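One-letter residues, chain by chain:
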Amino acid sequence: DTGVSQDPRHKITKRGQNVTFRCDPISEHNRLYWYRQTLGQGPEFLTYFQNEAQLEKSRLLSDRFSAERPKGSFSTLEIQRTEQGDSAMYLCASSISTKGSTEAFFGQGTRLTVV
Amino acid sequence: AQSVTQPDIHITVSEGASLELRCNYSYGATPYLFWYVQSPGQGLQLLLKYFSGDTLVQGIKGFEAEFKRSQSSFNLRKPSVHWSDAAEYFCAVGHSGNTGKLIFGQGTTLQVKP
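Note that the structure is predicted; figures quoted are calculated from it, not measured. (Residues numbered from 1 in each chain as written. Chains lettered and ligands numbered in written order. Predicted model: local features only at pLDDT ≥ 70, side-chain atom pairs only at ≥ 80, totals over all residues. Heavy atoms only, no water.)

1. Here we look at the pairing of strand 8 (residues 75-79) of chain A
Residues and elements named next belong to chain A.
- Counting buried residues in strand 8 gives 4 out of 5 residues, a clear majority hidden from the surface.
- As paired strands, strand 7 (residues 65-68) and strand 8 are joined by 4 bridges and run antiparallel to one another. Bridged to Ser66 within strand 8 is Glu78.
- Between strand 7 and the antiparallel strand that follows it, strand 8, lie 6 residues; Gly72 among them carries a positive phi value of about 75°. (Buried < 20%, exposed > 50% of the residue type's maximum accessible area, 1.4 Å probe, protein only. Helix = DSSP H or I, 4+ residues; strand = E, 2+ residues; numbered from the N terminus. Pairing = 2+ DSSP bridges.)

2. Looking at the state of the cysteines
All names here are of chain A.
- Under the definition given, this model contains 2 disulfides over all chains.
- Disulfide partner of Cys23: Cys92, at an S-S distance of 1.8 Å. Because the sign of the S-S torsion sets the handedness, a value of about -70° for the bond joining Cys23 and Cys92 places this disulfide among the left-handed ones. Of this pair, Cys23 sits in strand 3 (residues 19-24) while Cys92 sits in strand 9 (residues 88-95), placing them 69 residues apart in sequence. Each member of the pair, Cys23 as well as Cys92, is classed as buried. (Disulfide = S-S within 2.5 Å.)

3. Observations regarding unusual backbone geometry
Residues and elements named next belong to chain A.
- The peptide bond linking Asp7 to Pro8 adopts the cis configuration, its omega dihedral lying at -5°.
- Within the secondary structure, Pro8 is located in the loop between strand 1 (5-7) and strand 2 (10-13).
- Residues other than glycine seldom take positive phi values, yet Asn51 does so here, at roughly 55°.
- Assignment of secondary structure puts Asn51 in the loop between strand 5 (44-50) and strand 6 (53-57).
- For Asn51, a relative accessible area of 35% gives the class partly exposed.

4. Concerning the sheet that holds strand 1 of chain A
All names here are of chain A.
- Spatially, the 4 strands line up as an open sheet ordered 1-3-8-7, and their pairing is antiparallel. Because the sheet does not close on itself, it has two edges, and the strands there are strand 1 and strand 7. Looking at each pair of strands side by side, their axes are set apart by 15° on average, direction ignored. (Axes fitted to C-alpha atoms, helices over the stretch in contact; angles between N-to-C directions.)

5. Describing the nonpolar core
- Counting residues in hydrophobic clusters, the biggest one holds 27 residues, and the most contacted among them are B:Leu19, B:Trp35, B:Leu47, B:Leu48, B:Phe74, B:Leu76 and B:Tyr89.
- Breaking this core down by element, the ones donating at least two residues are strand 2 (10-14), strand 3 (19-21), strand 5 (33-38), strand 6 (44-50), strand 8 (64-68), strand 9 (73-78), strand 10 (87-94) and strand 12 (108-113) of chain B.
- Per-element accounting of this core gives the leading share, 4 residues, to strand 10 of chain B.
- Counting residues in hydrophobic clusters, the runner-up holds 19 residues, among them A:Val4, A:Ile26, A:Tyr90 and A:Leu112. (Core = buried A, V, L, I, M, F, W, Y, C linked by side-chain atoms within 4.5 Å.)

6. Here's the deal with the side chain of B:Asn75
All names here are of chain B.
- The topology assignment puts Asn75 in strand 9.
- Side-chain polar atoms of Asn75 contact the side chain of Glu20, separated by 3.3 Å.
- For Asn75, the side chain forms a polar contact with the main-chain nitrogen of Cys23, separated by 2.9 Å.
- Leaving out residues up to four positions away in the same chain, Asn75 has contacts with Glu20, Leu21, Arg22, Cys23, Trp35, Glu64, Ala65 and Glu66. (Polar contact = N/O pair within 3.5 Å; in protein donor to acceptor, adjacent residues only side chain to side chain. Contact = heavy atoms within 4.5 Å.)

7. A few points about the pairing of strand 3 of chain A
Residues and elements named next belong to chain A.
- Because side chains alternate across strand 3, one face comprises the buried residues Val19, Phe21 and Cys23, and the other comprises Thr20, Arg22 and Asp24, none of which is buried.
- Pairing between strand 1 and strand 3: 3 bridges, direction antiparallel. Of the residues in strand 3, the one forming a bridge with Asp7 is Arg22.
- Relative to strand 8, strand 3 is paired through 5 bridges, and the arrangement is antiparallel. Each bridged residue has a counterpart across the sheet, and for Val19 the counterpart in strand 8 is Ile79.

8. Observations regarding the pattern of salt bridges
All names here are of chain B.
- One pass over the full model with this rule turns up 9 salt bridges over all chains.
- For Glu64, the salt bridge goes to Arg77, with nearest N and O atoms at 3.2 Å. Here the residue Glu64 occupies a position in strand 8, and Arg77 occupies one in strand 9, the gap between them amounting to 13 residues.
- Taking the relative accessible area as the measure of exposure, Arg77 reaches 22% and is therefore partly exposed.
- Measuring nitrogen to oxygen at the nearest pair gives 3.3 Å for the salt bridge that ties Glu66 to Arg77. (Salt bridge = Lys/Arg side-chain N within 4 Å of Asp/Glu carboxyl O.)

Written out as structure tokens, the structure is:
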């Protein structure tokens, strides 16, 4: 078990380009979350999956953002037509859904810079 | 709506001194509460969690936190701070509905003086 893995760790892109990030959760975890963190702020929830089903999306997730988890394992987050305001750290987390709550384990994040 | 407030944006303590980081939450029922730590450019590491039971919870790295329902607080403490504790600390509350979604506070940056 190597924990939650995110790729790439850093991405610099020009405004208007599309970018895609990947997250590999802990293998037995059926829930996967995406958060966005801007400088000096706490992470903000974007979306989450239980297995392959996307169960909730935040209003922060504009129509330029799309997330998938096609086989209930890894997930991708794509941002189309990037804007400077998209510059942030994108964090992925995973957990196991059980009766009651459980903690989420976070990856190292992908730092996106839009120039 | 659920929310988390960390009143102190930045705290500086001397190495060896005690530490208390404040966290207040707004939640209608018994909350699930967490403290995470983040080093620069890194992801979040869980320090400790409260789900139910004993209101004083022990975590990793010598940290503890106390849940006080009457004050809607979940303050993080450490009796003696080490230089390696310098980082950003986030308090979070688990969202209702048991989705596992977390609502985070703004964070407190801890600086440790030698």
